[in-house]
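The residues making up each chain are set out below.
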Amino acid sequence: NIVQIDSPVSGGIGGANKGTLAVMVSGPQADIDVVKDALSVFGKVFVIGHKPGMAQTMKLANNFLSATAMAATSEAVAMGVKAGLDPAVMIAVINAGSGRNTASEGKFPQTILPRTFNYGFATALMLKDVRLCVEEARNLSVPDEVMSAVLDQWELTNSEFGGDSDFTAIVQMIERRAGVTIGEKKS
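What you see is a predicted model; the values in this text were computed from it and never measured. (Residues numbered from 1 in each chain as written. Predicted model: local features only at pLDDT ≥ 70, side-chain atom pairs only at ≥ 80, totals over all residues. Heavy atoms only, no water.)

Student: Sorry if this is basic, but what is going on with the overall build of the protein chain here?
Tutor: If you tally the helices and strands in the protein chain, you get 8 helices and 3 strands. When the helices and strands of the protein chain are placed in sequence order, the string is β-α-β-α-β-α-α-α-α-α-α. Along the longest, intermediate and shortest principal axes, the C-alpha atoms of the protein chain span 65 × 35 × 30 Å. Per-residue burial over the protein chain gives 42% buried out of 187 residues. Intrachain contacts of the protein chain at a sequence separation of at least 6 include 55% that bridge at least 24 residues. Here the protein chain has roughly 10100 Å² of accessible surface; of this, 57% comes from carbon and sulfur atoms. (Helix = DSSP H or I, 4+ residues; strand = E, 2+ residues; numbered from the N terminus. Buried < 20%, exposed > 50% of the residue type's maximum accessible area, 1.4 Å probe, protein only. Contact = heavy atoms within 4.5 Å. Areas by Shrake-Rupley, 256 points an atom, 1.4 Å probe, with all protein chains shown as cover.)

Student: What am I meant to see in the nonpolar core here?
Tutor: Generally speaking, a soluble globular protein has its nonpolar side chains buried in company with each other. In this structure, Met70, Val77, Phe108, Trp154, Ile170, Val171 and Ile182 are the most contacted members of the largest nonpolar core, which totals 35 residues. The set of elements that each furnish at least two residues to this core consists of helix H3 (54-82), helix H4 (87-96), helix H5 (102-112), helix H6 (123-139), helix H7 (145-161) and helix H8 (170-178). Beyond its immediate chain neighbours, meaning those up to four positions away, Ile182 contacts Ser74, Val77, Ala78, Val81, Pro87, Phe108, Ile112, Leu113, Arg115, Val171 and Glu175. Listed in part, the 6 residues of the second largest apolar core include Val23, Val25, Leu39 and Val45. (Core = buried A, V, L, I, M, F, W, Y, C linked by side-chain atoms within 4.5 Å.)

Student: Teacher, can you tell me more about the pattern of salt bridges here?
Tutor: Any two side chains of opposite charge can pair if their charged atoms end up close together. A full pass over the atoms with the stated rule returns 7 salt bridges. Between Lys128 and Asp129 there is a salt bridge, with its nearest N and O atoms 2.7 Å apart. What makes Lys128 partly exposed here is its relative accessible area of 39%. Overall, the relative accessible area of 3% leaves Asp129 in the buried class. Taking the shortest distance from any N to any O, the salt bridge between Asp144 and Arg138 comes out at 2.7 Å. Salt bridges here are not isolated pairs; linked through shared partners, they connect Glu160, Arg176 and Arg177. (Salt bridge = Lys/Arg side-chain N within 4 Å of Asp/Glu carboxyl O.)

Student: Even after reading the chapter, I still don't get the pairing of strand E3 (residues 43-49), so can you show me in this structure?
Tutor: The side chains of a regular strand alternate, residue by residue, between the two faces of the sheet. Note that strand E2 (residues 21-26) and E3 share 6 bridges and pair parallel. Pairing of Ser26 across the sheet is with Gly49, part of E3. You can see the chain leave E2, run along helix H2 (residues 29-39) and come back into E3, and the turn it takes is right-handed. (Pairing = 2+ DSSP bridges. Right-handed = clockwise from strand over helix to strand, strands pointing away.)

Student: Help me understand the packing of H3 against H4, please; the structure alone is not making it clear to me.
Tutor: Packed helices, taken two at a time, are described by their axes: the angle between them and the distance between them. It is the contact of H3 with H4, at a shortest axis distance of 10 Å, that shows an interaxial angle of 130 degrees. For the element pair H3 / H4, the angle class is oblique. Considering only the axes of H3 and H4, their crossing is right-handed. Contacts between H3 and H4 pair Thr73, Ala76, Val77, Gly80 and Val81 from the former with Pro87, Met90, Ile91 and Ile94 from the latter. A per-class count over the contact of H3 with H4 returns 7 nonpolar, 2 polar and no charged. (Axes fitted to C-alpha atoms, helices over the stretch in contact; angles between N-to-C directions. Parallel < 35°, antiparallel > 145°, perpendicular 65-115°, else oblique. Left-handed = near helix turned anticlockwise from the far one by under 90°. Nonpolar A, V, L, I, M, F, W, Y, C, P; charged D, E, K, R; others polar.)

Student: Would you mind showing me how to read the side chain of Asp166 here?
Tutor: Following the sequence through the fold, Asp166 ends up in the loop between H7 and H8. It is Lys107 that comes nearest to the buried, bridge-free Asp166 among opposite-charge side chains, at 9.3 Å. Looking at Asp166, its side chain comes within polar contact range of the main-chain nitrogen of Phe121, at 3.4 Å. Of the polar contacts made by the side chain of Asp166, one reaches the side chain of Thr168; its length is 2.6 Å. Beyond its immediate stretch of four places on either side in the chain, Asp166 contacts Phe117, Asn118, Tyr119, Gly120, Phe121 and Thr123. (Lys, Arg positive; Asp, Glu negative; His and termini not counted. Polar contact = N/O pair within 3.5 Å; in protein donor to acceptor, adjacent residues only side chain to side chain.)

Next up, the structure:
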């Protein structure tokens, strides 16, 4: 009489501290109903489906998008800095426009522009999530060209900065290749 309920979370350390995580749940609905109130202490509960693993697939898709936002925003801002643009102004424009994403809204202003690289999530963990996402896509016979390209960037970051580095180190890996430093301009 043991039932498995998948229940991965997303939202980082900040979401955990505030109780605002996205709690993704899959399993039999009657059993989810038994644990839903307890899970809601962590944040908003999303019932993903009834089959085991569905919540994990949702988490992999979500974390892949977060990993992609970090990689893509890092490359875009490095390009702008190389062309002479102010990275703080770039982030402000991106956040006011259609390029806005979790990297531009939180990670760049909080840890990249001030050069602290301490957002609180390890490179090895992000690499693991992207790897698992690529594997899942391949198992489902889903195109994974973008996923594979993003995975390459995380593998490079992990090999250059180590798995214990903060995942915002991906910016430093891209900076090295671009020959720039992304940080707040000093007047």
